[in-house]
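Observations on chain architecture
Residue strings, one per chain:
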Amino acid sequence: MMKTNRRNFLRTTAAATAGTMLVSPAFAMNGAKSRYQISLAEWSFHKALFADEMTNLDFPKVTRELGIDGVEYVNQFFKDKAKDEKYLGELKKIAKNEGVTNVLIMCDGEGMVGHPEKAEREKTVENHKKWIDAAAFLGCHSIRVNAGSRGTFEEQQKLAADGLRMLCEYGDTKKINVIVENHGGLSSNGEWLSGVMKMVDHKRVGTLPDFGNFMINRDTGEEYDRYKGVELLMPYAKGVSAKTNVFNAAGDEANMDYYRLMKIVDDAGYKGFVGIEFEGTELSERDGVIATKALLEKVFKTL
């Protein structure tokens, strides 16, 4: 039953997007190539993945069927395969055959990078090393980590910087960057995270500004200004996450100004992948990704 569902899912995705690929290829922007490429965060399909309607090995195929050029993996969907070179080799081969670039691996559940206890910080670094190795094997440029910590504003900055520096030192041996997403708590405070970047002061460290993740405290509703946050994080950006949830009748994101956000990205001189991460509920995962891709292509034309 699971295999049948997966085949149906892939077949439906291909059929639904065939026209879109012919009419609006990702590389064609007013007849010229954009300075940006579009990638796809695997979390966009987390419902299908958790329901076994698709697998991590299917992800590059789905990405190509949607006319997208790069893949951003999530470690949760191949958690036990970080050291499995046979599996990673198959994944790398599939991505190559589909003509998609392996961009990065988003890493969760491997400990607190800024843990107050040094032994725990060191353990967290050890836990992430296998993902740095996997990223290097796959040809990615980065792993994405979380900068969780405890203590005061300044204490957490110092602790997170210490853990990130250790990770970067290992990343240097594999030519893999260690990038931090604004992902809740103080990491969603642009001043805090940009301050951490300055403290780490390592060529491998960077940010992954997410347009939608600026909620500092869900219980109190404390939220950081997304436009200020993106502006503060872009000088350190080695990736960009184009989060979407809800679209209006014009096809724009209903709760954020994508034109303003991408102008900030553009003004920072960023070049590279902009990753789609759809988290909405009003559209299916597939349709949400298609809508986000169309929005990005529309916005790119204005830059």
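Residues numbered from 1 in each chain as written. Predicted model: local features only at pLDDT ≥ 70, side-chain atom pairs only at ≥ 80, totals over all residues. Heavy atoms only, no water.

**Things to note about the overall build of the protein chain**
Looking only at helices and strands, the protein chain features ten helices and ten strands. Counting only residues that meet the buried cut, the protein chain has 52% of its 303 residues in that class. Once local pairs closer than 6 in sequence are excluded, the contacts in the protein chain between residues at least 24 apart make up 79%. Total accessible area on the protein chain is roughly 13400 Å²; 49% of this is exposed by carbon and sulfur atoms. (Helix = DSSP H or I, 4+ residues; strand = E, 2+ residues; numbered from the N terminus. Buried < 20%, exposed > 50% of the residue type's maximum accessible area, 1.4 Å probe, protein only. Contact = heavy atoms within 4.5 Å. Areas by Shrake-Rupley, 256 points an atom, 1.4 Å probe, with all protein chains shown as cover.)

**A look at the sheet that holds strand 9 (residues 240-244)**
The parallel open sheet is built from eight strands, whose spatial order is 6-5-4-3-2-1-10-9. Looking at which strands have only one partner, the edges of the open sheet turn out to be strand 6 (205-208) and strand 9. Averaged over all pairs of adjacent strands, the angle between their axes in this sheet comes to 30°, without regard to strand direction. Here strand 4 (residues 142-145) pairs with strand 5 (residues 177-181) via four bridges, running parallel. (Pairing = 2+ DSSP bridges. Axes fitted to C-alpha atoms, helices over the stretch in contact; angles between N-to-C directions.)

**Comments concerning the confidence of the model for the protein chain**
The share of residues in the protein chain with pLDDT of 70 or more is 89%, and the mean pLDDT across the chain is 91. This stretch, residues 1-31, has a pLDDT under 50; its non-local contacts, to residues over four places away or in other chains, come to 46 contacts. (pLDDT = per-residue confidence, 0-100.)

**Description of the layout of surface pockets**
Quantified by volume, the largest pocket comes out at close to 270 Å³. In terms of lining, the largest pocket is formed by 15 residues, of which the most central are G212, N213, F214, M215 and R218. Split by residue class, the lining of the largest pocket holds four nonpolar, seven polar and four charged. (1 Å grid on protein atoms, 1.4 Å probe; cavity = no way out; pocket = protein on both sides within 12 Å on 5 of 7 lines; lining within 4 Å. Points joined across faces, edges and corners; volume = space filled by probe spheres on them. Nonpolar A, V, L, I, M, F, W, Y, C, P; charged D, E, K, R; others polar.)

**Quick word on the side chain of D210**
For D210, the position within the fold is in the loop between strand 6 and strand 7 (215-217). Among the residues examined, D210 registers a relative accessible area of 0% and is labelled buried. Of note is the side chain of D210, whose polar atom sits 2.7 Å from the backbone nitrogen of G212. Leaving out residues up to four positions away in the same chain, D210 has contacts with E181, N182, S241, K243 and E277. (Polar contact = N/O pair within 3.5 Å; in protein donor to acceptor, adjacent residues only side chain to side chain.)

**Describing the packing of aromatic side chains**
A ring pair, where both rings are aromatic, is described by two values, the distance of the centres and the angle of the planes. Counting across every chain of the model gives twelve aromatic pairs. In this structure, K92 packs its charged tip against the face of F137, placed 5.4 Å from the ring centre. Lying over the aromatic face of Y227, R260 brings its terminal NZ or CZ to 3.9 Å of the ring centre. (Phe/Tyr/Trp six-rings, centres within 6.5 Å; stacked < 30°, edge-to-face > 60°. Lys NZ or Arg CZ within 6 Å of the ring centre and 35° of its normal.)

**Notes on the nonpolar core**
With 86 residues, the main nonpolar core has I105 and F211 as its most contacted residues. Ignoring any residue separated from it by four or fewer positions in sequence, one finds I105 in contact with Y73, N75, F78, W131, A134, A135, L138, C140, S142, I143 and R144. (Core = buried A, V, L, I, M, F, W, Y, C linked by side-chain atoms within 4.5 Å.)

**A look at the packing of helix 6 (residues 153-174) against helix 7 (residues 190-200)**
Where helix 6 meets helix 7, the axes come as close as 9 Å, and the angle between the chain directions of the two elements is 45°. One element, helix 6, and the other, helix 7, form an angle in the oblique class. Judged by the sense of rotation from one axis to the other, the crossing of helix 6 with helix 7 is right-handed. Contacts between helix 6 and helix 7 involve F153, Q156, Q157, K158, A160, A161, L164, R165 and C168 from the former and E191, W192, G195, V196, M197, M199 and V200 from the latter. Of the residues belonging to the contact of helix 6 with helix 7, the class tally is ten nonpolar, three polar and three charged. (Parallel < 35°, antiparallel > 145°, perpendicular 65-115°, else oblique. Left-handed = near helix turned anticlockwise from the far one by under 90°.)

**Some points on the pairing of strand 9**
Burial runs high along strand 9: five of the five residues are buried. Neither face of strand 9 is left uncovered, since the one carrying V240, A242 and T244 and the one carrying S241 and K243 both have all their residues buried. Across five bridges, strand 9 lies against strand 10 (residues 272-278) in parallel orientation. Note on strand 10: the bridge partner recorded for T244 is F278. The β-α-β motif built from strand 9, the intervening helix 9 (residues 258-267) and the parallel element strand 10 has right-handed crossover chirality. (Right-handed = clockwise from strand over helix to strand, strands pointing away.)

**Observations regarding helix 7**
Burial within helix 7 is extensive, with eight of its eleven residues counted as buried. Listed as buried for helix 7 are G190, W192, L193, S194, G195, V196, M197 and V200. Against helix 6, strand 5, strand 6 and helix 8 (226-233) lie the buried residues of helix 7. For helix 7, the side-chain oxygen to backbone nitrogen distance between the N-cap and E191 is 2.9 Å, and the N-cap itself is N189.

**As for the environment of D108**
Its location among the elements puts D108 in the loop between strand 3 (101-106) and helix 5 (118-138). The spatial distance from the C-alpha of D108 to the C-alpha of V74 is 8.0 Å, given a sequence separation of 34 residues. Contact partners of D108, with chain neighbours within four places excluded, come to V74, N75, Q76, K79, R144, N146 and H183.

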